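Read off the chains here:
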Amino acid sequence: MAVADTDDVTESRLLLAEYDRIKEEQKTRIGFRDNLLYFTLASATAVLAIAVPGGQAPLLLAVPVICLVLGWTYLVNDEKISAVGCYIRDRLGPRLAELSGAPGAVFGWETYHRDDARRTTRKRLQTAVDLFTYFALPMICVIAFWCSPAVRPLLLTVSLAQTLALAVLGWQFLRYAEL
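Every value quoted in this text rests on a predicted model; they were computed, and no experiment measured them.

What counts as what
- Residues numbered from 1 in each chain as written.
- Predicted model: local features only at pLDDT ≥ 70, side-chain atom pairs only at ≥ 80, totals over all residues.
- Heavy atoms only, no water.
- Phe/Tyr/Trp six-rings, centres within 6.5 Å; stacked < 30°, edge-to-face > 60°.
- Helix = DSSP H or I, 4+ residues; strand = E, 2+ residues; numbered from the N terminus.
- Buried < 20%, exposed > 50% of the residue type's maximum accessible area, 1.4 Å probe, protein only.
- Patch = residues over 30% accessible without salt bridge, like charges linked within 9 Å, V, L, I, M, F, W, Y side chains within 5 Å.
- Areas by Shrake-Rupley, 256 points an atom, 1.4 Å probe, with all protein chains shown as cover.
- Salt bridge = Lys/Arg side-chain N within 4 Å of Asp/Glu carboxyl O.
- Expected span 1.5 Å × (residues − 1).
- Contact = heavy atoms within 4.5 Å.
- Bend = angle between axes of the 7 residues up to and from the residue.

Colleague: Describe in detail the packing of aromatic side chains, supporting the description with residues and values.
Modeller: The final tally for this structure, using the stated rule, is 4 aromatic pairs. Consider the rings of Tyr 19 and Phe 107, whose centres lie 3.8 Å apart with planes at 5°: the pair is stacked. Of the two residues, Tyr 19 sits in helix α1 (residues 11–54) while Phe 107 sits in the loop between α2 (62–100) and α3 (109–112), which places them 88 residues apart along the sequence. Taken individually, Tyr 19 and Phe 107 each receive the classification buried, so the pair is uniform in this respect. Clustering of aromatic rings is evident, with ring pairs tying together Tyr 74, Tyr 134 and Phe 173.

Colleague: Tell me about a nonpolar patch on the surface, and name the residues and values.
Modeller: Taken together, the side chains of Ile 143, Trp 146, Leu 156 and Leu 160 define a hydrophobic patch exposed on the protein surface, amounting to about 330 Å² of accessible area. Contributing elements (two or more residues each) for the nonpolar patch: α4 (119–146) and α5 (153–175). One can find Ile 143 in helix α4. Given the relative accessible area of 41%, Ile 143 is considered partly exposed.

Colleague: Run through α5, naming residues and quoting values.
Modeller: Between the first and last C-alpha of α5 there are 33 Å, a value that for 23 residues agrees with the 33 Å anticipated at 1.5 Å per step. In the core, the buried residues of α5 are packed alongside α2 and α4.

Colleague: I'd love a proper account of α4, names of residues and values included.
Modeller: Spanning 28 residues, α4 covers 39 Å between terminal C-alpha atoms, matching the ideal 40 Å at 1.5 Å per step. The largest bend in α4 amounts to roughly 40° and is located at Phe 132. Next to the buried residues of α4 lie α1, α2 and α5.

Colleague: I'd like a description of the pattern of salt bridges, backed by residues and values.
Modeller: Under the definition given, this model contains 8 salt bridges. A salt bridge links Arg 33 to Asp 34; the shortest N-O distance between them is 3.0 Å. In this structure Arg 33 comes out as buried when scored by relative accessible area, which is 14%. Linked by salt bridges that have partners in common, Glu 11, Arg 95 and Glu 98 make up one network.

Pasting the structure below:
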């Protein structure tokens, strides 16, 4: 195994290597996050396709479970994606600019795309989609369950706990929305 010459290891190279790795992580997380949305919708649709025609109202309570687990995973990944961008803008870019003596911002895309006049509208629409998928859709299922003759004390307790958990998840989506 070859040992790198210490002259080849500079702070700038280390920071650029870190940039490459965290951008790769960000890219992977974006793909995973986006696929979670599609998987959530497909899973909920599959449950509804079985529950509704078959009159299986208790099965509707599976949708909130799906949305809670996948919604939390979606939210955590979305937060990490944003954290990577923030780290590049606030720490990595300025440090590399300082080391290189660059007159302007390093990694300009990290700030440029945030200045788009339509960004706020897109963020609001994405938040609405997220809230529909991970809060409204499962709440519709809970309400449909409540309106069915299948309501029993244990399942009612489960549905109330789901409602509370969904409210917390919805609040977290709003909290992290950066509107």
